[in-house]
Amino acid sequence: MTAREAAAELGVSPATLYAYVSRGMIRSVPQVGSRQKLYAADDVRALRGRAGAHAPAFGETAQVIETAMTAIQGGRLFYRGIDVETLAGGSRLETIASLLWQTDEDVFAQARDFPTVQAAPVQAGVVSRLLVDLAVAAEADPAAYVRTPDGVARTGARILSQMTVTLAGPRPRAEPIHAALARGWDRPAAENLIRTALVVLADHELAASTYAVRVATSTGATAWRAVSAGLACLDGPRHGGMGEQVSAFLEEIGDPGRTEAAFVRRLRAGQSVPGFGHPLYPDGDPRCRLLLEAVRRDMPSAEGAALAAAVARTGVTLLGRSPNVDFGLAVACRAADLPHEAPMALFAVARTVGWVGHVIEQGASSALIRPRARYVGRPPA
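Since we're looking at a predicted model, the values are computed, not measured.

(A) Region of the structure containing a nonpolar patch on the surface. Together, V264, L267 and L318 make up an exposed nonpolar region whose accessible area comes to about 210 Å². For L318, the position within the fold is in helix 16 (residues 305-319).

Below, the structure written as structure tokens:
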């Protein structure tokens, strides 16, 4: 292939094509009678077919990364082509991990002997505790440098084991993650609700935290470090911290009769109302619907049901937007009387499954994700 044909086949710029050649990913030979080169079509097509090959490489400005894990189509969410509504009916987070990581090994059984730690101060926030404990535990895991897909899957299971211990304390060897969290929070009746939340939150295409994970992976960082990068992004108030904002807003309202006044007060002050609307789900977030259905199924007598319904109706009426997953998660945690840190904790544990899947995908590409900036400052002298 000529350079133009090869670049078009890959959907990249000529500069990126040359970068692939310099890394030994595509062979090139001189073109007879010309100063130009020809590029091996087999290498180009092999690279084109690899998941993650179109992650933005050095110098690219593309904002699309290919993935075979999660699809959002027609207002529905799919993991490996399976509707999350089907999976939420009874799957554990461990099952979702095996699906997204594409492993047949019982990686969670293997992780039970990993020496977990509890090094972070208990009074620290969720993400702070997780970051400290992951940093300490990573030092005792030389197997994390095995970057084959199965090796990363085994590391992912160890990471999740450590996160569960950080949040819920030591656990029985065969205890599933949702049961461990319910026990650690002393809410055994919330097991199924927690399980549902973990499943629907496991992955969501290329959220900000997931992009950070893939960038970290592209540098050669281990799964431990890549997950830590994701946690740092998740902690932001515009991402995983939104669930706590919704919980605070529900507390602020307190009574269904004060719902509209609370909305108007915020809108009049120019403040946003958390928990409503999602650009990928203009007709309503299916994850929120599944969480609210789980609340009605598992916590039918829970306090706050009337308040949640009133807030959801008012959001649709005043804002013209349906409640999103942050709203559903906050309502579920309040219905189960989980601790105030539960929305962030559930989000972090669940999304780690997706992050590890993205580590595996991104690991299939040797390209460094490093877009270029468009300079708009003072012209250089």
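(B) Local environment of the environment of N324. Locating N324 in the fold gives a position in the loop between helix 16 and helix 17 (325-335). N324 sits 39 residues away from D285 along the chain, and the two C-alpha atoms are 5.2 Å apart. Beyond its immediate stretch of four places on either side in the chain, N324 contacts G275, F276, G277, H278, D285 and C288.

(C) A look at the pairing of strand 3 (residues 70-73). Burial along strand 3 is one-sided: the residues T70 and I72 are buried and none of A71 and Q73 is. The sheet contact formed by strand 3 and strand 4 (residues 76-79) spans 4 bridges and is antiparallel. Residue pairing across strands places T70 opposite Y79, the latter belonging to strand 4. Linkage of strand 3 to strand 4, two consecutive antiparallel strands, is achieved through a turn of 2 residues, within which G74 is found at a positive phi near 60°.

(D) Inspection of helix 16 at higher detail. The first and last C-alpha atoms of helix 16 sit 21 Å apart over 15 residues, in line with the 21 Å expected at 1.5 Å per residue. Among all positions in helix 16, only L307, A308, A310, V311, A312, T314 and G315 are buried. The inward-facing, buried residues of helix 16 contact helix 13 (242-253), helix 14 (259-268) and helix 17. In the segment just after helix 16, G320 is the residue with positive phi, at about 70°.

(E) View of unusual backbone geometry. Of note, the phi angle at R80 is positive, near 50°, even though the residue is not glycine. Tracing the backbone through its elements, the reader meets R80 in the loop between strand 4 and strand 5 (82-83). Of note in the backbone geometry, D186 takes a positive phi value of approximately 55° without being a glycine. Structurally, D186 is set in the loop between helix 9 (177-184) and helix 10 (191-200). Assessed through its relative accessible area of 58%, D186 is described here as exposed.

(F) Structural detail: the pairing of strand 4. Alignment of strand 4 against strand 5, held across 2 bridges, turns out to be antiparallel. Counterpart to Y79 in the pairing with strand 5 is I82. The antiparallel pairing of strand 4 with strand 5 creates a hairpin that spans 2 residues between the two strands, and R80 there sits at a positive phi of about 50°.

(G) Spatial organisation of the packing of aromatic side chains. Taken as a whole and judged by the stated rule, the model has 5 aromatic pairs. Both rings, one in F114 and one in W224, keep their centres 5.7 Å apart while their planes meet at 35°; by these two values the pair is tilted. Here W224 lies in helix 12 (residues 223-234) and F114 lies in the loop between helix 6 (107-110) and helix 7 (126-138), a separation of 110 residues in the sequence. The two residues F114 and W224 agree in class, both being buried. Look at F249 and F263: their rings are 5.4 Å apart centre to centre, the planes differ by 70°, and that puts the pair in the edge-to-face class. One end of the pair, F249, is in helix 13; the other, F263, is in helix 14, and 14 residues separate them in sequence. Neither F249 nor F263 differs from the other in exposure class; each is buried. Among the aromatic residues, those joined into a cluster by ring pairs are F249, F263, F276 and F327.

(H) Just the packing of helix 13 against helix 14, in detail. Interhelical geometry of helix 13 versus helix 14 gives an angle of 120° and a closest axis separation of 9 Å. By the criterion of interaxial angle, the relationship of helix 13 to helix 14 is oblique. Of the two elements, helix 13 crosses helix 14, and the hand of that crossing is right-handed. Of the residues in helix 14, those touching helix 13 at F249, E252 and I253 are T259, A262, F263, R265 and R266. Each residue belonging to the contact of helix 13 with helix 14 can be placed in one class, and the counts come to 4 nonpolar, 1 polar and 3 charged.

The rules behind each value
Residues take numbers from 1 onward in each chain, read along the sequence in its written order. Only residues with pLDDT of 70 or above have their local features reported here, since the model is predicted, and side-chain atom pairs are shown and tallied only from 80 upward, although totals for entire chains, interfaces and linings are computed over all residues. For side-chain calculations, the full set of non-hydrogen atoms in the structure is used, while hydrogens and water are omitted. Residues enter a patch when their relative accessible area is above 30% and they make no salt bridge; the linking distance is 9 Å between like charges and 5 Å between nonpolar side chains (Val, Leu, Ile, Met, Phe, Trp, Tyr). Note on areas: Shrake-Rupley with a 1.4 Å probe; residue coverage comes only from the protein chains shown. We define a salt bridge as a contact between a side-chain nitrogen of Lys or Arg and a carboxyl oxygen of Asp or Glu at a distance within 4 Å. A helix here means a DSSP run of H or I that spans at least four residues, while a strand means a run of E at least two residues long, and both kinds are numbered starting from the N terminus. Residue contacts follow a heavy-atom distance rule, with two residues in contact if any of their heavy atoms lie within 4.5 Å. With a 1.4 Å probe rolled over the protein chains alone, any residue whose accessible area is under 20% of its type maximum counts as buried; one over 50% counts as exposed, and the rest are partly exposed. One requirement defines pairing of two strands: DSSP has to find at least two bridges between them. By this rule the span expected of a helix is its residue count minus one, scaled by 1.5 Å. Working definition: a ring pair exists when centres of Phe, Tyr or Trp rings (six-membered ring for Trp) sit within 6.5 Å. Plane angles under 30 degrees give stacked, over 60 give edge-to-face, the rest tilted. In this description, a line fitted to the C-alpha atoms serves as the axis of each element, helices being fitted only across the stretch in contact, and the angle between N-to-C directions of two axes falls anywhere from 0 to 180 degrees. For this classification, under 35 degrees means roughly parallel, over 145 means roughly antiparallel, 65 to 115 means roughly perpendicular, and everything else is oblique. We call a crossing left-handed when the near helix sits turned anticlockwise from the far one by less than a right angle, and right-handed when that turn is clockwise. Only Asp, Glu, Lys and Arg are considered charged, only Ala, Val, Leu, Ile, Met, Phe, Trp, Tyr, Cys and Pro nonpolar, and every remaining residue, Gly among them, polar.

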